[in-house]
Each structure stands twice: as C-alpha cells, then as structure tokens.
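The residues making up each chain are set out below.
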Amino acid sequence: MLAGSVAGSVEHMAMFPVDTLKTRMQAIGPSCPSSTVNLRQSLGSILKLEGPAGLYRGIAAMGLGAGPAHAVYFSVYEWFKKSLSAGNPNNSAAHAASGVLATVASDAVITPMDVVKQRLQLKGSPYKGVGDCVRRVVVEEGVGAFYKSYRTTVVMNAPFTAIHFATYEAAKRGLMELSPESVGEEDETLVVHATAGAVAGALAAALTTPLDVVKTQLQCQGVCGCDRFSSSSIQDVIQTIVKRNGYGGLMRGWVPRMLFHAPAAAICWSTYEAAKTFFQDLNGRNNSSVD
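Everything numeric in this text was worked out from a predicted model, so none of it was measured. (Residues numbered from 1 in each chain as written. Predicted model: local features only at pLDDT ≥ 70, side-chain atom pairs only at ≥ 80, totals over all residues. Heavy atoms only, no water.)

**Section: the overall build of the protein**
Spelled out, the test is: Think of it this way: any DSSP run of H or I at least four residues long counts as a helix, any run of E at least two long counts as a strand, and we number them from the N terminus. Our radius of gyration is a C-alpha quantity, and the globule rule it is checked against amounts to 2.2 Å times the number of residues to the power 0.38. Residue exposure (1.4 Å probe, protein chains only): buried if accessible area is under 20% of the type maximum, exposed if over 50%, otherwise partly exposed. In this analysis, two residues are considered to be in contact whenever any of their non-hydrogen atoms come within 4.5 Å of each other. All accessibility values rest on the Shrake-Rupley procedure with a 1.4 Å probe; residue burial counts only the protein chains present in the view.
For the protein, the count of helices and strands is 11 helices and zero strands. Starting at the N terminus and walking to the C terminus, you meet the elements of the protein as α-α-α-α-α-α-α-α-α-α-α. What you see for the protein is a C-alpha radius of gyration of 20 Å, in line with the 19 Å of a compact globule of 291 residues. Along the first, second and third principal axes, the C-alpha set of the protein runs to 65 × 40 × 35 Å. Burial analysis of the protein (291 residues in total) assigns 49% to the buried set. Look at the contacts in the protein between residues 6 or more apart in sequence, and 77% of them connect residues 24 or more apart. For the protein, the accessible area works out to roughly 13200 Å², and carbon and sulfur atoms hold 63% of it.

Following this line, the structure appears as structure tokens:
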C-alpha cells in the first residue's frame, strides 16, 4: 500500500499539466466547437490567458485522491494476482482479472476527487478551490453528483486496467527474455519496468479514449458551458457527442491522453517496483535484527 501510494502520487503530480490539456479538449461545450481546438492551441491559450499556473489548477484535489486510491489499487492487485495465478507467474488472464478488481476498488476512492479536479481544470472554472468546489457541489447538486461518472469510470478502467496489467506483465517478461543479463541489475531492471509500463499505458489509453470522453462530459456537465445530461447513461452521452461532433468527437483528447499515460505508467511502475523493493528490503532487515 505504501509503495502504491508513493507511485500514484508521483505519477499524477509529474504529468498533471498534460491531464489539464486533455480535460480542456474533452470538455468543450456547444459554445466552442471541438474542431477549433487542438493540443497546441489549448496549451497556447492556457499559457497566454492564465500563465503556467493554469496548467496546475486542481492539482490539490488529485494530491488528496491519488495516494489513497493507488494504495488500494496496488494492494488489491497484488493480493488477487497471488490468489488467481495458481502458482503460474505468467498467467496473463489472472493479471488482467486482478487489474479489473483493483480498479473497481480504487475508482470508488478517487472518483469524487477526480470530479473536483476536472471541474477546477476547466477554463473559467467558477470554483475558488477544492473546498469551495466540494461545498458547492454538495449544496447545489447533492452528494450523488460525485458518483454520476462512477459507472462510466469503472466501465472505462476495467478494460483499461486489464489491457494495462496484461501488457505490462507480458512486456516486462519479454524484455527480460531479450536481455537476461539485465536481471538482478537494479539500473537496467528499472529501465525494463519503465519501458513495459510506457507500452502498456499508451496502448490502454488509446483503446479506451471514447469512454474517457464520456467520463469527462459527465463529471463537468453544466459547468463552463458543458452539456448537461438528463441521465448518467453512457449510451445517451455517446449519442449526444456523435450527433454534435461525429464519431471523431469520441476520440477527442486522445493525443494528450496517450502523452499522459505512457510516461505516467512508466513513472508509476518504476516507482512502484522500486518502492516495493525498498520496503521489502527494509522489512527483511528489521526481521533479521529481531532474530
């Protein structure tokens, strides 16, 4: 849990500006057609009108949610991977299933703070900060507003995580087989973790972008000109997006999403593996001292 908490916090803090760009591109409302906005224009607009600080608006909400969510995420993953693998460390199905179960648990922790984070990231956000956003959402929309996107988040993150974990374990195993002399050498093993994580993150991000667009629309609905939906139905949101922007609207923000998840996964996995090794070694030394 400690290793996962450290990994999640480092990952999200390091890549937060790219996440802000993704949110801005995905949450465009009827007053600003998506065809007029690309990654460069979005970045230029933020830097010109808000300065570099605009790229970090909402980072406090992610700081509060990322640590606990990733602690749950990795601890649940490790427990189920051990339980479902049946002694076979190369069981990709077990890795994928463990990832899905882990994300269902962690999404329940992080979704409320993700709602706050995305609303603060919007251009012209009416909220003064995390506390003000939480208070106003509760008063104006009710506590349920924090979980309107939970079903979509799980539906998105279940395949994302299955692809991510299965790809990561397979890529790591393949890289180890290609360069067996690197096994046991800390520096090169770190490169393997980072490379496998980047591949897994990029692939999973690209394939699940449409559901991420739906999630962003639900979390930001009614704020800064974003559409408001009568229900949290994924199908209704998809139909609205396709009707207004065509099927291309479902891939809005895929570039910054991949640019976020590839290095983020590399950072997360390498940090997690390093932190896990550190805590395991520390525990081993403590046990030896006691003996």
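**So, the UniProt feature "repeat: Solcar" (unreviewed entry) in the protein**
Here is the rule: UniProt positions are given in the numbering used here, feature names are shortened, and annotations may be inferred rather than shown by experiment.
UniProt's entry tags residues 1-83, 90-174 and 188-278 with the feature "repeat: Solcar" (unreviewed entry), counted in the numbering of this structure. Helix makes up 79% of residues 90-174 and strand 0%, with an end-to-end C-alpha separation of 11 Å.

**Points about unusual backbone geometry**
Unusually for a residue other than glycine, cysteine 224 sits at a positive phi of about 55 degrees. Here cysteine 224 lies in the loop between α9 (209-219) and α10 (234-245). Owing to a relative accessible area of 34%, cysteine 224 belongs among the partly exposed residues under this scheme.

**A few points about the pattern of salt bridges**
What counts here: Note on definitions: salt bridges are taken to be side-chain nitrogens of Lys or Arg within 4 Å of carboxyl oxygens of Asp or Glu.
With the rule as written, the count across this model stands at 15 salt bridges. Linking glutamate 78 and lysine 81 is a salt bridge whose minimum nitrogen-to-oxygen distance equals 3.9 Å. One end of the pair is glutamate 78 and the other is lysine 81, both in helix α4 (residues 59-84) and three residues apart, which spans about a single turn. Among the salt bridges present, the one from aspartate 132 reaches arginine 135, with a minimum N-O distance of 2.9 Å. With a gap of three residues between them, aspartate 132 and arginine 135 both fall in helix α6 (residues 130-141), about one helical turn apart. One network of salt bridges, in which partners are shared, links Asp19, Lys22, Asp114, Lys117, Asp212, Lys215 and Arg257.

**A closer look at the confidence of the model for the protein**
Quick note on the threshold: Confidence of the predictor at the level of single residues is captured by pLDDT, which takes values from 0 to 100.
This prediction gives the protein a mean pLDDT of 85; 91% of its residues lie at or above 70. Averaged over each element, pLDDT in the protein is lowest for helix α1 (residues 2-14) (78) and highest for α6 (96).

**What to know about the packing of aromatic side chains**
Let me state the cut-off plainly: By convention, a stacked pair of Phe, Tyr or Trp rings (six-membered ring in the case of Trp) has centres within 6.5 Å and planes under 30 degrees apart, an edge-to-face pair has planes over 60 apart, and any other such pair is tilted.
Under the criterion given, the structure shown has four aromatic pairs. Taken together, a centroid distance of 5.4 Å and an interplanar angle of 65 degrees make the contact between phenylalanine 278 and phenylalanine 279 edge-to-face.

**Section: the packing of α1 against α4**
Just so we agree on the cut-off: With axes taken as lines fitted to C-alpha atoms, and helix axes fitted only over the stretch in contact, angles between N-to-C directions fall between 0 and 180 degrees. In this scheme the handedness of a crossing depends on how the near helix is turned from the far one: anticlockwise by less than a right angle means left-handed, clockwise means right-handed. We call Asp, Glu, Lys and Arg charged. Ala, Val, Leu, Ile, Met, Phe, Trp, Tyr, Cys and Pro are nonpolar, and the rest, Gly among them, are polar.
In contact at an axis separation of 7 Å, α1 and α4 are set at 145 degrees when each is read in the N-to-C sense. In this structure, the crossing between α1 and α4 has a hand that is right-handed. On α4, the residues that touch Gly4, Ser5, Ala7, Gly8, Ser9, Glu11, His12 and Met13 of α1 are Ile59, Met62, Gly63, Ala66, Gly67, His70, Ala71 and Phe74. A per-class count over the contact of α1 with α4 returns seven nonpolar, eight polar and one charged.

**As for the packing of α4 against helix α7 (residues 150-178)**
Where α4 meets α7, the closest approach of the two axes is 14 Å, and the angle between their N-to-C directions is 65 degrees. Two packed elements cross with a definite hand, and for α4 against α7 that hand is right-handed. Facing α4, whose interface residues are Tyr73, Tyr77 and Lys81, α7 presents Thr161, Phe165 and Glu169. Looking at the contact of α4 with α7 residue by residue, the class counts come to three nonpolar, one polar and two charged.

**Some words on the environment of serine 42**
Relative to the helices and strands, serine 42 resides in helix α3 (residues 39-49). When the C-alpha positions of serine 42 and threonine 20 are compared, they lie 9.6 Å apart, and in sequence the two are 22 residues distant.

**Re the side chain of lysine 172**
With respect to the helices and strands, the residue lysine 172 is situated in helix α7. Taking relative accessible area as the criterion, lysine 172 reaches 16% and is therefore assigned buried. Aside from chain neighbours lying at most four places away, what touches lysine 172 is Val192, His193, Ala196 and Glu273.

**Looking at the nonpolar core**
Selection rule: Only buried residues count toward a nonpolar core, which is a set of Ala, Val, Leu, Ile, Met, Phe, Trp, Tyr and Cys residues joined through side-chain atoms within 4.5 Å.
Ranked by internal contacts, the top residues of the largest apolar core, which has 17 residues, are Phe74, Trp269 and Tyr272. Broken down by element, this core gets its largest block of residues, five residues, from helix α11 (residues 254-290). Filtering out sequence-adjacent residues up to four positions away, tyrosine 272 remains in contact with Ala3, Gly4, Ala7, Phe74 and Glu78. Judged by nonpolar contacts, the second largest core, of 16 residues, contains Ala27, Val116, Leu122 and Tyr127.

**Here we look at α4**
Basically, it comes down to this: Any helix carries an expected span of 1.5 Å times its number of residues minus one. Fitting axes to the seven residues ending at a residue and to the seven starting there, one defines the bend at that residue as the angle between these axes.
Taking 1.5 Å per residue, 26 residues should reach 38 Å; α4 reaches 36 Å between its end C-alpha atoms and fits that length. The axis of α4 is deflected most strongly, by about 30 degrees, at alanine 66, and proline proline 68 appears within four residues downstream. In the stretch just after α4, alanine 86 is the one whose phi turns positive, near 55 degrees.

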